[in-house]
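# Descriptive analysis of the structure
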Amino acid sequence: MTARHLVTSALPYANGPIHLGHLAGAYLNADIWVRYKRATGAEVLFVCGTDEHGAPILVNAEREGLDPASYTDRWHAAIRRSFELLDVRFDVFSRTSRPDPHHGLTQRVFLALLERGYVFSQEADQLFCDACKRGLPDRFAVGTCPRCEYPEARGDECPRCAAAFDAVDLVAPRCKSCGSAAARRPSTHWYLDLPKLRPLLEPWLATKRATWRPNVLGEVDKFLRELKPKPITRDLPWGVPVPLPEAKDKVFYVWFDAPLGYVSATIELCRARGLPEDAWRTWWQDAGTRLVHFIGKDNIAFHTVIFPAMLLGSGEPWALPDVPANEFLNLEGRKFSTSGGWFITVDELVERYPPDALRWTLTRSAPETRDAEFTFKDLQTRVNSELLGTFGNLASRVLKFVRSRYDGRIPGPGAALGEPEQAALAALRAGVEGATAELEAFSTRGAAARVLEVGYAANKLIEARQPFKVIKDDPAQAATTIHVACRLLEGLAVLLAPFVPSTAARLWAQLGLEGAPSDRRWAEAAAPGDPSGRPVGALDQHLFQRIEDHQVEAEVASLHAKARPPVSETTETASTPAPAPAPAAAPSPAPAAAGGAPQGKPTITYEQFAALDLRIARVVAAKPLPKADKLLELELELAGGERRTVLSGIRAWYAPEALVGRQVVYLANLAPRKIRGVESAGMVLAANDADGSAVLLLAERAVPDGAPVS
RNA sequence: GGCGACGUAGCUCAGUCGGUUAGAGCGGCGGCUUCAUAAGCCGUAGGUCGCCGGUUCAAGUCCGGCCGUCGCUACCA
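Notes on the structure in this doc start here. Treat the numbers as computed from the prediction; the structure is a model and nothing was measured. (Residues numbered from 1 in each chain as written. Chains lettered and ligands numbered in written order. Predicted model: local features only at pLDDT ≥ 70, side-chain atom pairs only at ≥ 80, totals over all residues. Heavy atoms only, no water.)

### Considerations on the pattern of salt bridges
This is how the line gets drawn: Between Lys or Arg on one side and Asp or Glu on the other, a salt bridge is scored when a side-chain nitrogen of the former is within 4 Å of a carboxyl oxygen of the latter. By definition, any uninterrupted DSSP run of H or I lasting at least four residues is a helix, any uninterrupted run of E lasting at least two residues is a strand, and each is numbered from the N terminus. Under the scheme applied here, a residue whose accessible area is under 20% of the maximum for its type counts as buried, over 50% as exposed, and between as partly exposed, the area being computed with a 1.4 Å probe on protein chains only.
Applying the stated criterion to the full structure yields 37 salt bridges. Glu555 is paired through a salt bridge with Arg352; the nearest N and O atoms lie 2.6 Å apart. Of the two residues, Glu555 sits in helix H19 (residues 549–562) while Arg352 sits in the loop between helix H11 (346–350) and helix H12 (355–364), which places them 203 residues apart along the sequence. For Glu555, a relative accessible area of 6% gives the class buried. Of the charged contacts in the structure, one is a salt bridge between Arg450 and Glu453, with a shortest N-O distance of 3.5 Å. Taken as a pair, Arg450 and Glu453 lie in helix H15 (residues 444–465) at a separation of three residues, close to a single helical turn. On the basis of relative accessible area, Arg450 is assigned to the partly exposed category, the value being 27%. Connected via shared salt-bridge partners are Arg108, Asp278, Arg281 and Glu316.

### Topic: unusual backbone geometry
In the segment running from Asp100 into Pro101, the intervening peptide bond is cis, with an omega of 10°. Look at Glu332: it is not a glycine, yet its phi comes out positive at around 45°. As for its placement among the helices and strands, Glu332 is situated in the loop between strand S16 (329–331) and strand S17 (334–335). A positive phi is found at Gln466, a non-glycine position, where the angle reads about 45°. Looking at the element boundaries, Gln466 is found in the loop between H15 and helix H16 (467–470).

### A short note on the nonpolar core
Heads up, the rule is: The definition of a nonpolar core used throughout is a set of buried Ala, Val, Leu, Ile, Met, Phe, Trp, Tyr and Cys residues joined through side-chain atoms within 4.5 Å. The contact criterion used throughout is that any non-hydrogen atoms of two residues lie within 4.5 Å.
Grouped together as the largest cluster of nonpolar side chains are 174 residues, with contacts concentrated most on Leu192 and Trp284. If we skip the residues at most four places from it in the chain, Trp284 touches Leu6, Tyr262, Val263, Thr266, Leu291, Phe307, Pro317, Trp318 and Ala319. Counting 18 residues, the second largest nonpolar core, distinct from the first, contains Val619, Ile650, Ala681 and Leu696.

### Regarding the pairing of strand S1 (residues 4–9)
Which entries qualify depends on this criterion: Strands were regarded as paired on the criterion that DSSP finds at least two bridges between them. The path from the first strand over the helix to the second decides the hand: if it runs clockwise while the strands point away from the viewer, the crossover is right-handed.
Across the six residues of S1, six count as buried, placing the element largely inside the fold. Burial along S1 is two-sided: the residues Arg4, Leu6 and Thr8 and His5, Val7 and Ser9 are all buried. In this structure, S1 lies alongside strand S13 (residues 289–296), joined through six bridges in parallel fashion. Paired with Thr8 across the two strands is His293, which belongs to S13. Looking at chain direction, S1 and strand S2 (residues 43–50) are connected through five bridges and run parallel. Bridging from a neighbouring strand, Leu6 pairs with Leu45 of S2. One crossover worth recording links S1 to the parallel S2 by way of helix H1 (residues 20–39), and it is right-handed.

### Considerations on helix H6 (residues 214–225)
Going by this rule: Expected span, for any helix, means 1.5 Å times one less than how many residues it has.
When the terminal C-alpha atoms of H6 are compared, their 16 Å separation across 12 residues agrees well with the 16 Å that a helix rising 1.5 Å per residue should span. Those residues of H6 not exposed but buried are Asn215, Val216, Leu217, Val220 and Leu224. Of the surrounding elements, those touching the buried residues of H6 are helix H5 (194–206), helix H10 (300–313) and strand S15 (325–326).

### Let's talk about the packing of aromatic side chains
Two numbers describe a pair of aromatic rings. These are the distance of the centres and the angle of the planes. For clarity, the threshold we go by: A pair of Phe, Tyr and Trp rings is counted when the ring centres sit within 6.5 Å of each other, with Trp represented by its six-membered ring. The angle between the planes then sorts it: under 30 degrees is stacked, over 60 is edge-to-face, the rest tilted. Our definition puts a charge over a ring when NZ of Lys or CZ of Arg is within 6 Å of the ring centre and also within 35 degrees of the ring normal.
Under the definition given, this model contains 24 aromatic pairs. Put simply, the rings of Tyr27, Phe46, Phe83, Phe90 and Phe93 pair up and form one aromatic cluster. Between Lys196 and the ring centre of Tyr118, over which it is positioned, the NZ or CZ distance is 5.9 Å. Between the NZ or CZ atom of Lys297 and the centre of the ring of Phe328, over which it lies, the distance is 5.0 Å.

### Describing the packing of helix H2 (residues 55–63) against helix H3 (residues 68–85)
Put simply, the rule is: To obtain an axis, a line is fitted to C-alpha atoms, over the contacting stretch when the element is a helix, and the angle between two such axes runs from 0 to 180 degrees between their N-to-C directions. With respect to orientation, any angle under 35 degrees is reported as roughly parallel, any angle over 145 as roughly antiparallel, any angle of 65 to 115 as roughly perpendicular, and every other angle as oblique. Three classes are used: nonpolar for Ala, Val, Leu, Ile, Met, Phe, Trp, Tyr, Cys and Pro, charged for Asp, Glu, Lys and Arg, and polar for all others, with Gly counted as polar.
At their nearest, the axes of H2 and H3 sit 9 Å apart, and the two run at 100° to each other. With respect to each other, H2 and H3 are oriented roughly perpendicular. Each of Ile57, Leu58, Asn60 and Ala61 in H2 lies in contact with H3, whose residues at this interface are Pro68, Tyr71 and Thr72. Each residue belonging to the contact of H2 with H3 can be placed in one class, and the counts come to five nonpolar, two polar and no charged.

Here is the structure:
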């Protein structure tokens, strides 16, 4: 078995708080696994850090009037603190915005890939609109479909024949906004040639098929089927610069540099420890190291295909990972939604509950095989019934008995071990074995269940022997039982340590042991030492505190109070003062959203503005468009009962029935466009919120339908 | 819409390679116990394993179709 392990947790994107869903998905399980591995004597490095590049951070920083560096400073600090509060202890928690070593490393890997032919640049003609004086991304170009000659094809796809192509393939391309003919200008982009890397990738993946989870393999296969070159450069002022003279003003796409953040964090740590400059290679480029990426299901393709492809293609002997990806955690029956207010931050929960209560609950409900659920009722059950009822009460009943009947010293075995004692010790050994097997398969949830079973067995021993009763007639027997129970508690402290570290340490002290349970080797949990005669420690504090019904009710109520209704009603104005800007924090590395910053557009004349036929229109009917997740088909009424059908991509944020009767702002003279088989006449105006959600512009008070807007 | 994962007791979830009467915890009901934090232990009720079809001596498990949930992706004039 490999004794050196490099463990990573997905780099959180530095634009929002960490919530329970993130924790359960990729951080807590990693922390537990690392603690377990260390207890087996393995050498482990646990690295993480914030992912700080990409357009969303740039945009959000701008909105708050901050430069991206100070913006990410804030979130980096907040996220780091949240992990500390829950005792998730990384060896290093870095950030991808540090030029040294992160930028240098990223550039070096890029150059290696380039040199070996796995990155190619394409000086593709990019469409430019000279009238608008800007480049035309796919979406802003229209033209004639090269395949079916449909005259209104979009830049990337033909709505009629469904052909996919590049904007420059369009026949007679023109600018979508002003309609003038588009010019071509060469522009260079760099691509990671994934199809070319496939031969390196597949032999390695083949070795993983037997052990990886089905959810992971499913994503891998899906991604491999559609493997195509991926662009790795962008025109942004924030990111790792592309180290080529011809790539001035270009940076790497955030997904390219982010996973290398794992490596740069390692380099940073080695430096901080004063090791030689190449020491990090022991962790990343030595056959004796096992690499494990803990991530959520949204990140699978990046960690199983793209990042390994980058490493393989660079020609250095990189370690390649195992990828235990979790599914998602829901909260009280709904998805976590930062923008919808349906979330709880770690910081806020730690004010009311001990970290260990949260760690245990999240572990027991971890979404290892499918989406799972966190509820406060569940927290209560797991704390009251499992932690307190099974473990806490066990410690209490046994140790207090030692205190009161044996003068505070653990008795030696007064008699030979009987069947119940043997059975209990066998259960402990089985627990160690079972938990080990689960952990080796990356199931912290399964392992916790096995530890719980040891607790059950210990309680059964007490019931079977009734030492509190037997002590009168057969003191030797009672002493034997209590002696064995103390050994079980010692084993349990070792087993519990990765899951509930601070509680395990307190139990350790209550047992009168020196040091900490994490000092003890994991396998030795099965055979605790002889505690005879050892004085127990202070018992003035219970291991766990009960969670009362009223607490559960209060939590659920306050969650509902701060939540916006899911998709039911249009948001009322003028209420929430929009406190913390909290766009969804995607566990990352993830690709940046494609939508770039709405850069300031060129000044236009009044005539140009007046060319827009803006009007107020009443929504008289609304229904989801079939086969489209985002689109709503709206029936609008203008003056004199004139009706228009318009499509709008707001389905995620507005329930159709809630829109009927509302007066929206409508652009009436936009060229009609057929989408998904339905012709949309014009568009309804909406603002884009920080998290990308749409907020409709509505008439502040009722006006006649069709009223002009100017 | 395409692709993927999932759908098991009132609730939360286990079920390895197809193999006897499908399991656990919580909740319900009945009992025991009082060392212990109203904690513990025993027993019991409760399931058409989403639906339909197929393969097989045998299907919760494999295959196909359908429905539902979630994710990725497309649509967001």
